[in-house]
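Descriptive analysis of the structure
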Amino acid sequence: MSQRRAGHVNRCPNCRINNHFCVCVHLNPFEIKTNISLIVHVSELKLTSNTAQFVEKLLPEQAQIFIRGRVNEAFEAEPILARSGRPLFLFPDEDSQEINEDFKAKYPGPYHLIVPDGNWNQAKKVKKREPKFDKIPTVKLAPGLIAEYKLRKAPRPDWVSTFEAAAYAIGAIEGVDPQVRMMSFFRKWVQATLDSRSGNFSLVRESSLGD
Ligand SMILES: [Zn+2]
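For the structure given in this document, a descriptive report is provided here. If you're wondering where the values come from, they're calculated on a predicted model, not measured in any experiment. (Residues numbered from 1 in each chain as written. Predicted model: local features only at pLDDT ≥ 70, side-chain atom pairs only at ≥ 80, totals over all residues.)

Another aspect to go through is the nonpolar core. Val55, Leu90, Ala166 and Ala169 are the most contacted members of the largest nonpolar core, which has 45 residues in total. Only strand S1 (35-41), helix H3 (52-58), strand S3 (86-90), strand S5 (111-116), helix H6 (120-129), helix H7 (162-174) and helix H8 (176-198) provide two or more residues apiece to this core. No other element matches the eight residues that H7 contributes to this core. If near-sequence neighbours (up to four positions away) are discounted, alanine 169 is found in contact with Leu90, Ile99, Leu113 and Leu141. (Core = buried A, V, L, I, M, F, W, Y, C linked by C-beta atoms within 7 Å. Buried ≥ 20, exposed ≤ 12 C-beta atoms within 10 Å, placed from the backbone. Helix = DSSP H or I, 4+ residues; strand = E, 2+ residues; numbered from the N terminus. Contact = placed C-beta atoms within 7 Å.)

Here is the structure:
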């Protein structure tokens, strides 16, 4: 059996990486104070490179995926709007405010972070198409972030994945600890995915060790 075929057959059902590179041992769920709603297109959810799924797996109590784009099923904003916390829509438009100490003093938490998955164009559509999101203020991350997501071609150098956007937003809201825990897992997942794609099974030992 070729390694390529093995990669398809022996895939972990949870992290969806080849079993030899499975990162589930590093997937240790924890709790935060902020609710997170991730709006994910149905076609994205099938892709192993989609990062939103891991926000939900790491933060099962607070993070929830809401699927849009299903055939014959209108997207409902109500269940998202019903969640507790001050709603903030994470998207860098002309009006969006940076999440920083001034912002938090002016608009105290706890917060409910709404995160559209996908690239900026797709995210823009989510907000435009859903009038009920109109009154929710948009927020953005501090400038200067470096994307560490190497699994897809980024349209812009500062484009970060949904997972990274959520991790840094939580960092800005709750402090660096949850951000570090999230990014620590993320780096292992990105590396394991790249290793499994390389088909080099000699990397197995190295990637399955760690903390
Ligand atoms: Zn796994």
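A sheet is described by the order of its strands in space; here six strands give the open sequence S2-S1-S5-S3-S6-S4, paired in parallel fashion. In the strand order of this sheet, the two ends are held by strand S2 (63-68) and strand S4 (97-98), each with one partner. Relative to strand S6 (residues 138-140), S4 runs parallel, the two sharing two bridges. Bridge assignment links glutamate 98 to a residue of S6, and that residue is lysine 140. Of the strands in this sheet, S1, S2, S3 and S5 touch H6, which is tilted by about 120° from S5. Each of S1, S3 and S5 touches H7; the most contacted strand, S5, lies at about 160° to it. (Pairing = 2+ DSSP bridges. Axes fitted to C-alpha atoms, helices over the stretch in contact; angles between N-to-C directions.)

So, on to the packing of H7 against H8. It is at 7 Å that the axes of H7 and H8 come closest, and there the two elements cross at 160°. Classified by the angle between their axes, H7 and H8 sit roughly antiparallel to one another. For the element pair H7 and H8, the recorded crossing hand is left-handed. Residue-level inspection shows Phe163, Glu164, Ala167, Tyr168, Ile170, Gly171 and Glu174 of H7 in contact with H8, the latter providing Val176, Pro178, Gln179, Met182, Met183 and Phe186. In the contact of H7 with H8, the residues fall into nine nonpolar, two polar and two charged. (Parallel < 35°, antiparallel > 145°, perpendicular 65-115°, else oblique. Left-handed = near helix turned anticlockwise from the far one by under 90°. Nonpolar A, V, L, I, M, F, W, Y, C, P; charged D, E, K, R; others polar.)

Note that every value here comes from positions in space, so none of it alone points to a role or purpose.
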